[in-house]
Amino acid sequence: MDFMIFDSAGNAVESFASDREAIRALVSMTEAEPEAAMHLAILVFDDEGDAVGDPLTVADVRPDAVTRLVMSETSWELRGNLTVMRRWSDAAAASAPREVLGAC
C-alpha cells in the first residue's frame, strides 16, 4: 500500500509507506501552514495503483485542529484553524443569546 498526500489541484505532494507517517506529515504540514488544511488529503493506493477508501483530511485525523469553536474548561475558544483567536468565559456566554441547532 502507498499513502500519498495530494493537494486540491490533484498534485501529489509526498508519498509514504505507512499511514502513520502520512498522518504525521499531514498534521505537520497543516500546523506549519494552517491554510493548507483545506487543500491537502491523504489517498491510499493498493499494490496495483488503485485508490482504496475515502481521502483522509486533517478534519478526519485531528478534528480538534480544524474545529473553529470549542469548549475549553469553562470558556469558549474561537480558533483560526490551529490558532486560538478569542476566548469567552462562562459569564460572557451566559449573557449572550443562544442558538440551538435542530430546535423547532
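Residues numbered from 1 in each chain as written. Predicted model: local features only at pLDDT ≥ 70, side-chain atom pairs only at ≥ 80, totals over all residues. Heavy atoms only, no water.

A look at the pairing of strand β4 (residues 51–56)
Counting buried residues along β4, only 0 of its 6 residues qualify, which leaves the element largely exposed. Taking the residues that link successive antiparallel strands as the turn, the strand β3 (residues 40–45)-β4 hairpin has 5 residues, and the phi of Gly49 there is positive, at about 90 degrees. (Buried < 20%, exposed > 50% of the residue type's maximum accessible area, 1.4 Å probe, protein only. Helix = DSSP H or I, 4+ residues; strand = E, 2+ residues; numbered from the N terminus. Pairing = 2+ DSSP bridges.)

What to know about helix α1 (residues 19–32)
Across its 14 residues, α1 extends 20 Å between first and last C-alpha, which sits within 8% of the 20 Å expected from 1.5 Å per residue. When α1 is considered as a whole, its buried residues turn out to be Ala22, Ala25, Leu26, Val27 and Thr30. Where the residues of α1 are buried, they touch β1 (2–7), β2 (12–16), β3, β4 and α2 (58–61). (Expected span 1.5 Å × (residues − 1). Contact = heavy atoms within 4.5 Å.)

What to know about the packing of aromatic side chains
Going through the model one piece at a time under the given rule, you end up with 1 aromatic pair. Seen from their ring centres, Phe6 and Phe45 are 6.0 Å apart, and the 55 degrees between their planes marks the pair as tilted. Of this pair, Phe6 sits in strand β1 while Phe45 sits in strand β3, placing them 39 residues apart in sequence. Side by side, Phe6 and Phe45 carry an identical accessibility label, which is buried. (Phe/Tyr/Trp six-rings, centres within 6.5 Å; stacked < 30°, edge-to-face > 60°.)

Brief notes about the pairing of β2
Bridging between β1 and β2 involves 4 bridges; their strand directions are antiparallel. Note on β2: the bridge partner recorded for Met4 is Ser15.

Some points on the sheet that holds β2
As summarised here, the arrangement of the 4 strands in space is β2-β1-β3-β4, forming an open sheet in which the pairing is antiparallel. Every interior strand has two partners, whereas the edge strands, β2 and β4, have only one. On average, adjacent strands in this sheet sit at an angle of 20 degrees to one another, irrespective of strand direction. Relative to β4, β3 runs antiparallel, the two being bridged by 3 bridges. Across the sheet, the residue bridging to Ile42 is Leu56, located in β4. (Axes fitted to C-alpha atoms, helices over the stretch in contact; angles between N-to-C directions.)

Here's the deal with a negative patch on the surface
Taken together, the side chains of Asp2, Asp47, Glu48 and Asp50 make up a negatively charged region of the molecular surface. With respect to the helices and strands, the residue Asp50 is situated in the loop between β3 and β4. For Asp50, a relative accessible area of 45% puts it in the partly exposed group. (Patch = residues over 30% accessible without salt bridge, like charges linked within 9 Å, V, L, I, M, F, W, Y side chains within 5 Å. Areas by Shrake-Rupley, 256 points an atom, 1.4 Å probe, with all protein chains shown as cover. Salt bridge = Lys/Arg side-chain N within 4 Å of Asp/Glu carboxyl O. Lys, Arg positive; Asp, Glu negative; His and termini not counted. Charge placed at Lys NZ, Arg CZ, Asp CG, Glu CD.)

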